[in-house]
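# Architecture and fold: a report
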Amino acid sequence: MLSGPVTETLVAESATADSVVVGSRGLGGFRGMILGSTSLALAGHAAGPVVVVREHGAERNGEIVVGYDGSEHAAAAIMEYAIQQAHARGVQLRVLYGWCLPPPAPYASGYVPADEGFQEAAREAAERVVPFREKNPDVRIVDEQVCDHPVAALMKSAAMADLVVVGSRGHGGPASAVLGSVSHGVLHHVTRPVAVVRPRPTKD
């Protein structure tokens, strides 16, 4: 039993914890809310992985899904959590990359067709997975690239996943944001357990 503000106390505890596990919504707030304020605050500020669990069936599908866009936070989600969880559970790890057509840049001088842009992005995404597969031969790692918004892609894959793992933020959005739009969207819409991971500070 610890005293003090709930969120601040749990954030402090996260500094020395392997992970923090919370329900999606507590006793406070409105019953219609999908995600409580404490769960959302922890996902944005905890030092390590935060797992948000909603009530769902007890069936196991034998797969963990992780979103990976090549960013530092997404790499931490794979290396520091998703691979370890897949190994411990003895399940397959699906590395998912969702690509959607970026908005045209102002005064753009050239145009790349959507299908060509996706094919190039998909090729690069597949190549980024190769080192993870080579370093972890005891874990079955498959990769998938889809032409869809990352949140929508993760929502679809989550239907058959035991756990969905995302970095706290990716390439998009301001660097000062503690929680990116994809992780925020996944937390609000995916009904399976979701782990939000950020890189831990390096020790000197």
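Starting from 1, residues in each chain are numbered consecutively following that chain's sequence as written. Only residues with pLDDT of at least 70 get local features here, since the model is predicted, and only at 80 or more are side-chain atom pairs given and counted; chain-wide, interface and lining totals rely on the full set of residues. Derived side-chain values reflect all non-hydrogen atoms in the structure, with water molecules and hydrogen atoms excluded from consideration.

This next bit is on the nonpolar core. By size, the foremost hydrophobic cluster in this structure holds 24 residues, and its most contacted members are Val 66, Leu 93, Val 95, Ile 141 and Val 165. Strands here are runs of E lasting at least two residues and helices are runs of H or I lasting at least four, both read from the DSSP assignment and numbered beginning at the N terminus. The set of elements that each furnish at least two residues to this core consists of strand 3 (63-67), helix 3 (72-89), strand 4 (92-99), helix 4 (114-135), strand 6 (163-167) and strand 7 (194-197). For Val 165, the residues in contact, after removing those within four places along its chain, are Ile 64, Val 65, Val 66, Gly 67, Ala 77, Tyr 81, Ala 82, Ala 195 and Val 197. Here, nonpolar core refers to any group of buried Ala, Val, Leu, Ile, Met, Phe, Trp, Tyr and Cys residues whose side-chain atoms link them within 4.5 Å. Whether a residue is buried, partly exposed or exposed follows from its accessible area with a 1.4 Å probe, protein chains only, as a fraction of its type maximum: under 20%, in between, or over 50%, in that order. Note on contacts: a residue pair qualifies if any of its non-hydrogen atoms lie within 4.5 Å across the two residues.

Right, let's get into the pattern of salt bridges. What makes a salt bridge here is a side-chain nitrogen of Lys or Arg within 4 Å of a carboxyl oxygen of Asp or Glu, nothing more. Considering all chains together, one arrives at six salt bridges under this definition. Note that Arg 94 is salt-bridged to Glu 144, the shortest N-O span being 3.3 Å. Of this pair, Arg 94 sits in strand 4 while Glu 144 sits in strand 5 (residues 141-147), and the two are 50 residues apart along the sequence. Given a relative accessible area of 21%, Arg 94 falls into the partly exposed group. With relative accessibility at 27%, the residue Glu 144 sits in the partly exposed group. The salt bridge involving Lys 156 is made with Asp 148; its shortest N-O contact spans 2.7 Å. Taken together, the shared-partner salt bridges in this structure form one network comprising Glu 63, Arg 94 and Glu 144.

Mapped onto the secondary structure, Val 197 falls in strand 7. For Val 197, a relative accessible area of 1% corresponds to the buried category. Spatially, the C-alpha atom of Val 197 lies 9.0 Å from that of Ala 46, the residues being 151 residues apart in sequence. If we skip the residues at most four places from it in the chain, Val 197 touches Pro 49, His 73, Ala 76, Ala 77, Tyr 81, Val 165, Val 166, Gly 167 and Ser 168.

With that out of the way, let us pick up the pairing of strand 3. When you tally the buried positions in strand 3, you get five out of five residues, the bulk of the element. With burial as the criterion, each face of strand 3 is covered, one bearing Glu 63, Val 65 and Gly 67 and the other bearing Ile 64 and Val 66. Only when DSSP finds a minimum of two bridges between them are two strands counted as paired. Bridge analysis of strand 3 against strand 4 gives five bridges, and the strand direction is parallel. Looking at the pairing, Ile 64 lines up with Leu 93 of strand 4. Place the viewer so that the strands point away; then a crossover is right-handed whenever the path from the first strand over the helix to the second strand goes clockwise. Taken together, strand 3, helix 3 and strand 4 form a β-α-β motif whose crossover is right-handed. In the sheet, strand 3 pairs with strand 6 via three bridges, with the strands oriented parallel.

Looking now at the packing of helix 5 (residues 150-158) against helix 6 (residues 181-189). Fitted lines through C-alpha atoms give the axes, limited to the stretch in contact for helices. The angle between two N-to-C directions lies from 0 to 180 degrees. Their axes nearest at 9 Å, the elements helix 5 and helix 6 cross at an angle of 35°. Considering only the axes of helix 5 and helix 6, their crossing is right-handed. Residues Pro 150, Val 151, Leu 154 and Met 155 of helix 5 touch helix 6, and the partners they reach there are Ser 181, Val 182, Gly 185, Val 186 and His 189. Residues were grouped as follows: Ala, Val, Leu, Ile, Met, Phe, Trp, Tyr, Cys and Pro as nonpolar; Asp, Glu, Lys and Arg as charged; and all remaining residues, including Gly, as polar. Looking at the contact of helix 5 with helix 6 residue by residue, the class counts come to six nonpolar, three polar and no charged. Left-handed describes a crossing whose near helix is turned anticlockwise from the far helix through less than a right angle; right-handed describes the clockwise counterpart.

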